[in-house]
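Structure assessment
These are the residues of each chain, in order.
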Protein chains: 2
Amino acid sequence: MIKQKGLLIVMSGPSGVGKGTVCKEYLSQNDNIAFSVSVTTRAPRPGETDGVEYFFRTEEEFINMRDNNGFLEHAYVHGKYYGTPRDVIEKRCAQGLDTLLDIDVQGALQVKKAMPDAVLVFLLPPSMQELEHRLRSRGTESEENVLIRLGNAVKELSFAKDYDYLIVNDTVKDSVERLSAIITAEHCRADKCEITK
Amino acid sequence: MIKQKGLLIVMSGPSGVGKGTVCKEYLSQNDNIAFSVSVTTRAPRPGETDGVEYFFRTEEEFINMRDNNGFLEHAYVHGKYYGTPRDVIEKRCAQGLDTLLDIDVQGALQVKKAMPDAVLVFLLPPSMQELEHRLRSRGTESEENVLIRLGNAVKELSFAKDYDYLIVNDTVKDSVERLSAIITAEHCRADKCEITK
């Protein structure tokens, strides 16, 4: 009775909130969704494989892709290019398959402009105190880095209202259930369905 | 980190599609939601209790409520008034509690105008053949009635695109799961949340 396209689900949130864990857990429970692999001009690190962690490309190849509207968003960070390839995601959508993209706030808002049907989900910490606790308990961040990340978090939170959905990451289990509900609900949205006879 | 209001979930669909069963099953599984009881001027039938099946009111009381903006929608059918009372639902929303309303297409669209935050869900049959089968297998409908209801269904389906969500009622279990996902997702919508510190 209804026909649907696949969805692009964009997940953002401040550093330390637990985005990676929630995405990984959701992907492990669902077969119909793939993780979007970014394109970069940085060199592969030992153990990294082309097409798994990143698509590794030369600067010339990247700029060529960019100039041919090949990215939903791209950024230049510390002398290297990073981008979200458009064709893989559009092909999956046309086939009715979903894609999950884990990206920073600036990138997410660029993606929404390039692809207004993208579903933007912002993962919030239960509180700023809890975010600080999570960043410190990683044990890998210097005091300076913790403060920088907390400062960024405050800025990033001010964009949460531009997102489609907010999830407070109290527990991974609850957040995965909410993400799952959001994706199921988005597949039922009348403006994303075509009624057939 | 976020504060939310309760939701009004409005469920419609053609006669015979299985709205009542899906609503009843969802309500039996969830405590945080109440079924909206309508106001009517028709007399109670044996066994009906005021405030359970309907709020039974005199015509004068009904008109007084109506003229005081007391209804989200109302209709006059076969010489009797029917209406969805506004205050009960608005109070529940303010308390963060959800309300489920089972209503025809015309009523649902009136409710959306009176309360734009209401979430409209349209329950579709898997096919028109299946709807016909479900209507006939009730065994309570005359041939004439079956044809009238099928004709109405065609008209009603043309309004499905004005709804927020569509659910194809393949099985009650799947439809209840989708309804549940929609309600969870709507509680995560950024435009329905207030971010607190």
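This section reports on the structure supplied with the text. If you're wondering where the values come from, they're calculated on a predicted model, not measured in any experiment.

**Some points on the state of the cysteines**
For the coordinates displayed, the defined rule picks out zero disulfides over all chains. The cysteine Cys193(A) is free of any disulfide, with Cys188(A) supplying the nearest cysteine sulfur at 6.7 Å.

**Quick word on the interface of chain B and chain A**
It is common to give the size of an interface as the accessible area that goes away when the parts come together. Of the residues lining the interface, 25 residues belong to chain B; the matching set on chain A comes to 25 residues. When chain B packs against chain A, close to 2,100 Å² is buried across both sides, 77% of that on carbon and sulfur atoms. Considering only the side of chain B, the residues that lose the most area to chain A are Met1(B), Leu166(B) and Cys188(B), jointly responsible for 29% of the buried surface there. The interface formed by chain B and chain A contains four residue pairs in polar contact (both at pLDDT 80 or more). Counting residues per element, the side of chain B that touches chain A draws most heavily on helix α7 (residues 172-188) of chain B, which supplies six residues. The residue inventory of the side of chain B that touches chain A, partitioned by class, reads 19 nonpolar, two polar and four charged.

**Overview of the pattern of salt bridges**
Residues and elements named next belong to chain B. Per the counting criterion, the structure on display carries 28 salt bridges over all chains. Between Arg 42 and Glu 48 there is a salt bridge, and its shortest N-O distance comes to 3.0 Å. On the basis of relative accessible area, Arg 42 is assigned to the buried category, the value being 10%. Here Arg 138 and Glu 141 are joined by a salt bridge, their closest N and O atoms 2.9 Å apart. Judged by relative accessible area, Arg 138 falls into the partly exposed class, the value being 42%.

**Details of unusual backbone geometry**
If a residue is not glycine, its phi is most likely negative; likewise, a peptide bond is most likely trans. Residues and elements named next belong to chain A. Phi at Asn 69 takes a positive value of approximately 60°, unusual for a residue other than glycine. Along the chain, Asn 69 turns up in the loop between α2 (59-67) and β6 (71-77). One non-glycine residue, His 78, lies in positive phi territory at about 50°. Tracing the chain through its elements places His 78 in the loop between β6 and β7 (80-85). The exposure class assigned to His 78 is exposed, which follows from its relative accessible area of 81%.

**Notes on the sheet that holds strand β7 (residues 80-85) of chain B**
Residues and elements named next belong to chain B. Within the open sheet, the four strands sit side by side as β5-β4-β7-β6. Their pairing is mixed. Strands at the two margins of the open sheet, each flanked by one partner only, are β5 (54-56) and β6 (71-77). On average, each strand axis in the sheet is inclined to that of its neighbour by 25°, with strand direction left out of account. As judged from the three bridges shared by strand β4 (residues 38-40) and β5, these two strands associate in the parallel manner. Looking across to β5, one finds that Ser 38 is bridged to Tyr 54.

**Digging into the relation of the copies chain B and chain A**
In screw terms, the move from chain B to chain A is a rotation of 180° and a rise of 0.0 Å along the axis, fitting with an RMSD of 0.0 Å. Put plainly, the chains are arranged around a two-fold axis. Residue Ala181(B) of chain B places its C-alpha closer to the rotation axis than any other residue of that unit, at 2.1 Å.

How each quantity is defined
- Residues numbered from 1 in each chain as written.
- Chains lettered and ligands numbered in written order.
- Predicted model: local features only at pLDDT ≥ 70, side-chain atom pairs only at ≥ 80, totals over all residues.
- Heavy atoms only, no water.
- Disulfide = S-S within 2.5 Å.
- Contact = heavy atoms within 4.5 Å.
- Buried area = accessible area lost by both parts, 1.4 Å probe.
- Polar contact = N/O pair within 3.5 Å; in protein donor to acceptor, adjacent residues only side chain to side chain.
- Helix = DSSP H or I, 4+ residues; strand = E, 2+ residues; numbered from the N terminus.
- Nonpolar A, V, L, I, M, F, W, Y, C, P; charged D, E, K, R; others polar.
- Salt bridge = Lys/Arg side-chain N within 4 Å of Asp/Glu carboxyl O.
- Buried < 20%, exposed > 50% of the residue type's maximum accessible area, 1.4 Å probe, protein only.
- Pairing = 2+ DSSP bridges.
- Axes fitted to C-alpha atoms, helices over the stretch in contact; angles between N-to-C directions.
- Least-squares fit on C-alpha atoms with pLDDT ≥ 70 in both.

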